[in-house]
Amino acid sequence: MADAFLGGRWPVLLTEASGLGLSGLILARAIVQRTPMLILAGHNEALGERHDYTAAVRQVSEPLLRGLNIPCVVVRDKREIPTVVREAQLTVRGDRRPVAVLPATAVTHLR
């Protein structure tokens, strides 16, 4: 991530909640190095989960972000996604730190 920023790009981490739950050390390093990064991660705290094998890491995603003091917004209405992502990008660039947008499972699975 730092390489992308140092190369003139704005890094984005795109992952599901389980990937976010396993990335605590990487996120902590991004904070220490002041690496701006937009985090887009699936979010499911309770409803609509289709698989049990991601339950443990899914439960720590949002608490991990709070513990690292990374601002995060859970989006529950798909119409809000463009505005929230745009505002998050502004914060990433202005604060030079990670910011997370977490679309709820119900939002990402609507047809």
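Throughout what follows, the structure given in this document is the object of discussion.

## Digging into the overall build of the chain
Reasoning step 1: When helices and strands are tallied, the chain shows six helices and four strands.
Reasoning step 2: Secondary structure elements of the chain occur, N-terminal to C-terminal, as α-β-α-α-β-α-β-α-β-α.
Reasoning step 3: Within the chain, the fraction of its 111 residues that count as buried is 36%.
Reasoning step 4: Counting only contacts in the chain whose residues sit at least 6 apart along the sequence, the fraction spanning at least 24 positions is 79%.
Reasoning step 5: As presented, the chain carries roughly 7,000 Å² of accessible surface, and 55% of it is formed by carbon and sulfur atoms.

## Description of the side chain of Ser61
Reasoning step 1: Of note, Ser61 is situated in helix α4 (residues 55-67).
Reasoning step 2: Here Ser61 falls in the buried class, since its relative accessible area comes to 4%.
Reasoning step 3: With residues near it in sequence (within four places) discarded, Ser61 still touches Ala17, Leu20 and Gly21.

## Details of helix α3 (residues 24-32)
Reasoning step 1: The set of residues buried in α3 consists of Gly24, Leu27 and Ala30. The buried side chains of α3 occupy one side of the element, clustering within an arc of 125 degrees when seen end-on. Away from the buried face of α3 by more than 90 degrees, exposed residues Leu25, Ile26, Arg29 and Val32 are located.

## Comments concerning the sheet that holds strand β2 (residues 37-41)
Reasoning step 1: Ordered by their spatial adjacency, four strands build an open sheet running β1-β2-β4-β3, and the pairing between neighbours is parallel. Two strands lie at the open edges of the sheet, namely β1 (12-15) and β3 (72-75), each paired on one side alone. Mean inter-strand twist for the sheet, computed between neighbouring axes without regard to direction, equals 15 degrees.
Reasoning step 2: This element, α3, spans β1, β2 and β4 (98-103) of the sheet and lies at about 155 degrees to β2.
Reasoning step 3: Those strands touched by helix α5 (residues 81-95) are β2, β3 and β4, and its axis lies near 170 degrees from that of β4.

## Quick word on the pattern of salt bridges
Side chains that carry opposite charge are capable of pairing whenever their charged atoms lie near each other.
Reasoning step 1: Scanning the model with the defined rule gives three salt bridges in all.
Reasoning step 2: Its salt-bridge partner being Asp77, residue Arg79 comes within 2.6 Å of it at the nearest N-O pair.
Reasoning step 3: Assessed through its relative accessible area of 67%, Arg79 is described here as exposed.
Reasoning step 4: Among the residues examined, Asp77 registers a relative accessible area of 24% and is labelled partly exposed.
Reasoning step 5: Across the salt bridge formed by Arg97 and Asp95, the nearest N and O atoms sit 3.4 Å from each other.
Reasoning step 6: Of the residues examined, Asp95 reaches a relative accessible area of 36% and is grouped as partly exposed.

## What about the pairing of β2?
Reasoning step 1: Counted residue by residue, β2 has four buried out of five residues, so it is predominantly covered.
Reasoning step 2: In the sheet, β2 pairs with β4 via four bridges, with the strands oriented parallel. Counterpart to Met37 in the pairing with β4 is Pro98.

Conventions adopted
- Residues numbered from 1 in each chain as written.
- Predicted model: local features only at pLDDT ≥ 70, side-chain atom pairs only at ≥ 80, totals over all residues.
- Heavy atoms only, no water.
- Helix = DSSP H or I, 4+ residues; strand = E, 2+ residues; numbered from the N terminus.
- Buried < 20%, exposed > 50% of the residue type's maximum accessible area, 1.4 Å probe, protein only.
- Contact = heavy atoms within 4.5 Å.
- Areas by Shrake-Rupley, 256 points an atom, 1.4 Å probe, with all protein chains shown as cover.
- Arc of directions from axis to C-beta.
- Pairing = 2+ DSSP bridges.
- Axes fitted to C-alpha atoms, helices over the stretch in contact; angles between N-to-C directions.
- Salt bridge = Lys/Arg side-chain N within 4 Å of Asp/Glu carboxyl O.

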